[in-house]
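Observations on chain architecture
The primary structure of each chain is shown beneath.
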Amino acid sequence: MNELNLATRIRQLRKKKGITQETMAAALLVSPQAVSKWESGVSYPELTLIPALARYLGVSLDYLFDYDPAAVEQEVMKLVQDNWTLFFDNPGKYQSMIRSALMKYPEHEGLLSALLDSYEYELRNFDRTDHLEEIIELSARLMDESRNVERICSAMDVQAAAWLKLGREDKALSILEAMPREVDLRYDSMAFRLTGEKKLDAAVKAQRVHLQNLYMGCFEEGNALFFLGRYRAAVTAYERGRMILTMYLNNDRQGQKAYLWDGMQTFHWAFHLLTAACRNKLGEKDACEAELETVWRIISTAWEDFREKKDEYMQAVYACMEEHGLVEYLPMMRKKAD
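Below, the structure is looked at part by part. What you are looking at is a predicted structure, and each value in this text was computed from that prediction instead of being measured. (Residues numbered from 1 in each chain as written. Predicted model: local features only at pLDDT ≥ 70, side-chain atom pairs only at ≥ 80, totals over all residues. Heavy atoms only, no water.)

1. Focus on the overall build of the chain
Along the chain, the regular secondary structure elements total 19 helices and 0 strands. For a compact globule of 338 residues, the expected C-alpha radius of gyration is about 20 Å, and the chain comes in at 31 Å, more than 25% above that figure. In terms of overall dimensions, the chain has C-alpha extents of about 90 × 55 × 40 Å along its principal axes. Buried residues in the chain amount to 44% of all 338 residues. Relative to all contacts within the chain whose residues are 6 or more apart in sequence, the contacts with residues 24 or more apart total 55%. Here the chain displays about 18900 Å² of accessible surface, and carbon together with sulfur accounts for 51% of that area. Charge centroids of the chain, computed over 43 positive and 52 negative side chains, lie 2 Å from each other. (Helix = DSSP H or I, 4+ residues; strand = E, 2+ residues; numbered from the N terminus. Rg over C-alpha atoms; globule rule 2.2 N^0.38 Å. Buried < 20%, exposed > 50% of the residue type's maximum accessible area, 1.4 Å probe, protein only. Contact = heavy atoms within 4.5 Å. Areas by Shrake-Rupley, 256 points an atom, 1.4 Å probe, with all protein chains shown as cover. Lys, Arg positive; Asp, Glu negative; His and termini not counted. Charge placed at Lys NZ, Arg CZ, Asp CG, Glu CD.)

2. Quick notes on the packing of helix H11 (residues 149-165) against helix H13 (residues 185-193)
Close contact between H11 and H13 brings their axes to 10 Å; oriented N to C, the two are set at 20°. Considering the angle they form, H11 stands roughly parallel to H13. The chirality of how H11 crosses H13 is right-handed. Between H11 and H13, the contacting residues are Glu150, Cys153, Ser154, Asp157, Ala161 and Leu164 on the first element and Leu185, Ser189 and Arg193 on the second. When its residues are assigned to classes, the contact of H11 with H13 shows 4 nonpolar, 2 polar and 3 charged. (Axes fitted to C-alpha atoms, helices over the stretch in contact; angles between N-to-C directions. Parallel < 35°, antiparallel > 145°, perpendicular 65-115°, else oblique. Left-handed = near helix turned anticlockwise from the far one by under 90°. Nonpolar A, V, L, I, M, F, W, Y, C, P; charged D, E, K, R; others polar.)

3. A closer look at the pattern of salt bridges
Scanning the model with the defined rule gives 21 salt bridges in all. A salt bridge links Glu137 to Arg141; the nearest nitrogen and oxygen atoms lie 3.4 Å apart. One end of the pair is Glu137 and the other is Arg141, both in helix H10 (residues 132-145) and 4 residues apart, which spans about a single turn. On the accessibility criterion, Glu137 (49% relative accessible area) is partly exposed. The salt bridge involving Arg279 is made with Glu239; its shortest N-O contact spans 3.4 Å. Here Arg279 is found in helix H16 (residues 264-281), whereas its partner Glu239 is found in helix H15 (residues 231-251), with 40 residues between them in sequence. Note on Arg279: relative accessible area 15%, which makes it buried. A single network of salt bridges, built from pairs that share partners, joins Glu120, Arg124, Asp157 and Arg193. (Salt bridge = Lys/Arg side-chain N within 4 Å of Asp/Glu carboxyl O.)

4. Quick notes on helix H19 (residues 330-337)
In an α-helix there are 3.6 residues to a turn, and that puts residues three or four apart on one side. Here H19 has its buried residues at Leu330, Met333 and Ala337. Taken end-on, H19 shows its buried residues confined to a sector of 70°, consistent with a single buried face. Residues of H19 that are exposed and angled more than 90 degrees away from the buried face: Pro331 and Lys335. (Arc of directions from axis to C-beta.)

5. Notes on the nonpolar core
In this structure, Tyr94, Ile98, Leu111, Leu116, Ile135 and Met190 are the most contacted members of the largest nonpolar core, which totals 44 residues. Here this core gets 9 residues from one element, more than from any other, and that element is H11. The residues contacting Leu116, other than those within four sequence positions of it, are Ile135, Leu138, Ser139, Leu142, Ala155 and Val158. Trp269, Tyr313, Leu326 and Met333 belong to the second-largest nonpolar core, a separate cluster that totals 41 residues. (Core = buried A, V, L, I, M, F, W, Y, C linked by side-chain atoms within 4.5 Å.)

6. A word on the packing of aromatic side chains
Under the definition given, this model contains 16 aromatic pairs. An angle of 85° between the planes, with centres 5.7 Å apart, marks the rings of Tyr121 and Phe126 as edge-to-face. With a centroid separation of 5.1 Å and an interplanar angle of 90°, the aromatic rings of Phe226 and Phe227 are classed as edge-to-face. Take Phe227: its relative accessible area is 52%, and that puts it in the exposed class. (Phe/Tyr/Trp six-rings, centres within 6.5 Å; stacked < 30°, edge-to-face > 60°.)

7. Some remarks on the packing of helix H9 (residues 109-126) against H11
Look at H9 against H11: their axes get within 10 Å of each other, and the N-to-C directions meet at 35°. Helix-helix and strand crossings are classified by hand; for H9 and H11 the assignment is left-handed. On H11, the residues touching Glu109, Gly110, Ser113, Leu116, Asp117, Glu120 and Leu123 of H9 are Arg151, Ser154, Ala155, Val158, Ala161, Ala162 and Lys165. Grouping the amino acids of the contact of H9 with H11 by side-chain chemistry returns 6 nonpolar, 3 polar and 5 charged.

8. Things to note about helix H18 (residues 310-323)
Taking 1.5 Å of rise per residue, the 14 residues of H18 would be expected to cover 20 Å, and the 20 Å separating its terminal C-alpha atoms lies within 8% of that figure. Restricting attention to buried positions, one finds in H18 the residues Lys310, Tyr313, Met314, Val317, Tyr318, Cys320 and Met321. Along the axis of H18, the buried residues cluster in a sector spanning 160°; they form a single face. H18 presents Asp311, Glu312 and Glu323 as exposed residues on the side facing more than 90 degrees away from its buried surface. Phi turns positive one or two residues past the end of H18, at Gly325, with a value near 75°. (Expected span 1.5 Å × (residues − 1).)

9. Details of the environment of Ile136
Residue placement: Ile136 occurs in helix H10. Exposure remark for Ile136: the relative accessible area of 17% places this residue in the buried category. In sequence terms Ile136 and Val76 are 60 residues apart; their C-alpha atoms lie 23 Å from each other. Ile136 has contacts with Gln159, Ala162, Trp163 and Leu166, leaving out every residue within four places of it along the chain.

Spelled out as structure tokens, the structure:
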């Protein structure tokens, strides 16, 4: 915000509050002449006085200085989008545009991230190494100051690329391994950046992460459709999820154990149980019972400790059956478990 606007904002807020310059001056322990100079733009409040001034006028600091974060984000996003073709066609010009924007919005995370992405693009596609030090500095700043997990992970990925180019694989690997495990970028980045057996291992792990996400996406899609009463569509979603997993279990060179993460069996039997619930809602009793037979076969063989923890495992099955309208089949399932 420019100084003239600040002067206007102070004057408007004071008048809206219905007070005189003298009254405001007394409240802020300054002279009426000081307030008059603020409102005319001759001088401006001392920095230490700004918070008290905002509180007295009943507004936030952002409002006092006419700063709208949402509007800034929108302007920055539009700037980046409008110049997106430069990212690929003329990276140098794109970077100059970002640096100019940073003069207007210093330390803006979105702009810093855009600049870092451009450096990474040149490093990856044109082997430009003249920005390596700046890449490390920019990425470190984002890693330390950002609260956006994806932005942090992206910065970590790019910094790892810089360290690799500098011959510091140990440093790059430590950064990639430190990526938050809940973010899918971790193994993707390792598979993309590393080489040899480390690349292969990361690629396999990345597949597992994405497989689980896809598998669970189908599961949740089916659940949503079930509770919307769209039972045919729900069956399709559940069957799609099972096919995705089965395809990997039957064909992947790593073998089945590579994909039997903790709880996977739970989702597998739940797929069949919820398919049974859909068949039941559709009046397809024989198909429903067949699915429940599969449920029993899975839960009674998937865990080595099933016999020891049978009651614990079966409680989850019974609860799921009750929730999805399979109460009439509970005696059948209980009989199998006895």
